[in-house]
Structures are given as structure tokens and as C-alpha cells.
Amino acid sequence: MPFLQYAVNEVAAQLEAVGIRVTTDPRNAPRPPYALVDPPSFRVINPKLIETSVPVHLISSGPGNSDAATTLMALADLCVGGTYVMTGQPSSIIIGSSEYPCYDLTLVLTIQDS
């Protein structure tokens, strides 16, 4: 079983299930707001059990003003209630030559191979 790709796909599916547009490739990014799912870090518990930490950037448009903050907090609230969110913090992200306000989340999944 490809543990790491499974983690990325599972996180993307959970985000889509709560109504957030998702991409795993910034080259294919839709107009904000959306979530960008990055490759996970991981810890092997045993050969059939892996804990993954998947970074997710919730991205809003415009300058980092109160409108962007309101949008990002609303998106983060959706994630907290419907996904595996463990941590989150406001930030910014550069995609291409543009800087966007974002919320950096870490979603943790423990995956077991059957």
C-alpha cells in the first residue's frame, strides 16, 4: 500500500467533503479560496503502521486584511469540524510571483496496512 499517497488523497477527500476546493499541485491552483495539500512527513510505528503529518495551506485572495482573515478562519473552522486537523496558524504563501494570506494546518493520520 502506498501510505504517503493514501494520506494525501485522504486529506484531499476530507477537505472536499467539507466543501473546500483542493489541489495538490500549485501549478493547477484554482482562484482562491482553496486548499493546497503538500507531501506528508511520516513516522514508522511498525512496518504496517505509519503516522503521517500532512501540511495543508488554506489560501485566500487579496492582501492579508480582515476580509482575508475572516475567509481563512471560516475555512479553518470547516476543517476543524470535519477533518484530522491537529494544528493551525496564520501565515502567507508565495505561489509563482504572488503572495497570498493563508492558514497553515497540519492534519495527522495513522494508516494501517491490512
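Residues numbered from 1 in each chain as written. Predicted model: local features only at pLDDT ≥ 70, side-chain atom pairs only at ≥ 80, totals over all residues. Heavy atoms only, no water.

Help me understand the overall build of the chain in this model?
The helix and strand inventory of the chain stands at two helices and six strands. Relative to the compact-globule value of 13 Å for 114 residues, the chain shows a C-alpha radius of gyration of 14 Å, a close match. With the principal axes as the frame, the chain shows a C-alpha extent of 45 × 30 × 20 Å. Taken across its 114 residues, the chain has 36% of its residues classed as buried. Counted over contacts in the chain with a minimum sequence separation of 6, partners at least 24 positions apart contribute 54%. Carbon together with sulfur atoms contributes 52% to the accessible area of the chain, which is approximately 6400 Å² in total. Side chains of the chain give 5 positive and 10 negative charges; the mean places of these two sets differ by 6 Å. (Helix = DSSP H or I, 4+ residues; strand = E, 2+ residues; numbered from the N terminus. Rg over C-alpha atoms; globule rule 2.2 N^0.38 Å. Buried < 20%, exposed > 50% of the residue type's maximum accessible area, 1.4 Å probe, protein only. Contact = heavy atoms within 4.5 Å. Areas by Shrake-Rupley, 256 points an atom, 1.4 Å probe, with all protein chains shown as cover. Lys, Arg positive; Asp, Glu negative; His and termini not counted. Charge placed at Lys NZ, Arg CZ, Asp CG, Glu CD.)

Could you clarify how one ought to interpret helix α1 (residues 3-17) in this entry?
Since the α-helix turns once every 3.6 residues, residues separated by three or four places project in the same direction. Between its first and last C-alpha atoms α1 spans 21 Å; for 15 residues at 1.5 Å apiece the expected length is 21 Å, and the two agree. Listed in full, the buried residues belonging to α1 are F3, A7, V8, E10, V11, A12 and L15. At its buried positions, α1 is contacted by β1 (22-23), β2 (34-37), β4 (49-59), α2 (66-82) and β6 (98-112). Just downstream of α1 lies G19, where phi reads positive at about 95°. (Expected span 1.5 Å × (residues − 1).)

Looking at this structure, I do not really get the nonpolar core. What am I missing?
If you look at the biggest cluster of nonpolar residues, it comprises 23 residues, and the most contacted ones within it are V11, L15, V37, V56 and L58. Looking at this core, the element that brings in the most residues is α1, giving six residues. With residues up to four places along the chain from it excluded, the contact list for V11 reads V37, V54, V56, L107 and L109. (Core = buried A, V, L, I, M, F, W, Y, C linked by side-chain atoms within 4.5 Å.)

Please explain the pairing of strand β5 (residues 85-95) as it appears in this structure.
On a regular strand, each side chain points to the face opposite its neighbour's, so the side chains alternate between the two faces of the sheet. Of the pairings in the sheet, the one linking β5 to β6 comprises 10 bridges and is antiparallel in character. Bridging across to β6, S92 finds its partner in P101. Hairpin remark: β5 followed by β6, antiparallel, with two residues in the connecting loop; positive phi at G96, about 65°. (Pairing = 2+ DSSP bridges.)

Mind showing me how you'd approach the pattern of salt bridges here?
Oppositely charged side chains may form a pair once their charged atoms are brought near each other. All chains considered together, the criterion is met by two salt bridges. Where D25 meets R27, a salt bridge forms, and the shortest distance between an N and an O atom there is 2.7 Å. Classification of D25 by relative accessible area gives buried; the value is 18%. For R43, the salt bridge is made with E51, and the minimal N-O distance between the two is 3.5 Å. The class for R43 is partly exposed, based on a relative accessible area of 46%. (Salt bridge = Lys/Arg side-chain N within 4 Å of Asp/Glu carboxyl O.)

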